[in-house]
Every structure is written in structure tokens, then in C-alpha cells.
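Tertiary structure, described
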Amino acid sequence: MDSKTLPVKERLKLLVESLDGVEEINQALSQSQDADAMLDVLLDLSSQLELGLTRDDLTENPPIRDWVWWKNKEALVNLGDNNLRHQQDSSGKTRWDSWTIRFFKFLGIWR
């Protein structure tokens, strides 16, 4: 079966599954300067796998859409588990600093 005939969600699932254990690509993604660089890496992988995904497919559908959002530092908090986004992303300066955390603790929002 030609993977290009699959729905976008299925092709994205194949793309994400192909990332599992591939150190070179995962390292390239983590070292990307911004979301566009991440998309370039993912589009190259999509091309290699002959998935036929477009930049719009990646930016409009989860989970890639969320990864791009995270890389752009638009999401401040990972809701539900109390982990700050920057605890998962060590590149560059984040929007969080000690006074913000103290403020959240003062309001009782942070545990």
C-alpha cells in the first residue's frame, strides 16, 4: 500500500514511530534553533519515508504541531503534571525565572 494514500493522521503516526530510537534525527530535532529548523528535519524524514507530508500537515496536526509550539516557547506550562516546559528543554533562556515560581507558589497555583 502506498503510504501517501493514508490519511494525514496515519502518516504522522508513521513519522513519529520512525523517530523512536533514531539518535541522529532526535539530536537534530533537539538542537534545532527554532520551529522552522525542526520542520525542515521532519520534512526531510517524511521525504525519505515517502510519506508525502507537507509543512502545513506538520504544523496543523498533533503531535508535531505541539512540538513546534513548544520549541517556539509559546506554551508556558505543561498542564496536568506540574512540570515547567523548560525542565524538558534545556536550550536557551526560558520565560520562567525564580520570581515567577515564587509568585505562583504565593498564589497557591504551584506545588
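What counts and what doesn't
Residues numbered from 1 in each chain as written. Predicted model: local features only at pLDDT ≥ 70, side-chain atom pairs only at ≥ 80, totals over all residues. Heavy atoms only, no water. Helix = DSSP H or I, 4+ residues; strand = E, 2+ residues; numbered from the N terminus. Buried < 20%, exposed > 50% of the residue type's maximum accessible area, 1.4 Å probe, protein only. Contact = heavy atoms within 4.5 Å. Areas by Shrake-Rupley, 256 points an atom, 1.4 Å probe, with all protein chains shown as cover. Axes fitted to C-alpha atoms, helices over the stretch in contact; angles between N-to-C directions. Parallel < 35°, antiparallel > 145°, perpendicular 65-115°, else oblique. Nonpolar A, V, L, I, M, F, W, Y, C, P; charged D, E, K, R; others polar. Salt bridge = Lys/Arg side-chain N within 4 Å of Asp/Glu carboxyl O. pLDDT = per-residue confidence, 0-100.

**Regarding the overall build of the chain**
When helices and strands are counted, the chain shows six helices and two strands. Starting at the N terminus and ending at the C terminus, the chain contains elements arranged as α-α-α-α-α-β-β-α. Within the chain, the proportion of its 111 residues that are buried is 29%. Put simply, of all contacts in the chain between residues at least 6 apart along the chain, 45% involve residues at least 24 apart. When the accessible surface of the chain is summed, it comes to about 7600 Å², and 51% of that surface belongs to carbon and sulfur atoms.

**A short note on the environment of Val68**
Checked against the element boundaries, Val68 lands in helix 5 (residues 64-71). We classify Val68 as buried; its relative accessible area is 10%. Ignoring any residue separated from it by four or fewer positions in sequence, one finds Val68 in contact with Ala35 and Leu39.

**Regarding the packing of helix 1 (residues 8-19) against helix 3 (residues 35-48)**
Helix 3 packs onto helix 1 with a crossing angle of 100° between their chain directions and a minimal axis gap of 11 Å. Between helix 1 and helix 3, the angle is such that the two are roughly perpendicular. Contacts between helix 1 and helix 3 pair Leu15, Ser18 and Leu19 from the former with Leu42, Leu45 and Ser46 from the latter. Residues of the contact of helix 1 with helix 3, tallied by class, amount to four nonpolar, two polar and no charged.

**Some points on the pattern of salt bridges**
Under the defined criterion, the tally for this structure stands at three salt bridges. A salt bridge links Asp40 to Arg55; its shortest N-O distance comes to 2.5 Å. Taken together, the residues Asp40 in helix 3 and Arg55 in helix 4 (residues 55-60) connect sequence positions 15 residues apart. Given the relative accessible area of 43%, Asp40 is considered partly exposed. Residue Arg55 is classed as partly exposed on the basis of its relative accessible area of 32%. With its nearest N and O atoms 3.1 Å apart, the salt bridge here joins Arg65 to Asp66. Residue class for Arg65 comes out partly exposed when judged on its relative accessible area of 35%. On the basis of relative accessibility, which here comes to 32%, the residue Asp66 falls in the partly exposed class. Residues joined by salt bridges that share partners form a network here, namely Asp36, Asp40 and Arg55.

**Some thoughts on the confidence of the model for the chain**
Averaged over every residue, the pLDDT of the chain is 77; the share at 70 or more is 70%. Here strand 1 (residues 77-78) stands out as the element of the chain with the lowest mean pLDDT, 49, in contrast to helix 3, whose mean of 93 is the highest. Within the model, the stretch residues 84-93 combines pLDDT values under 50 with 19 contacts to residues more than four positions away or in other chains.

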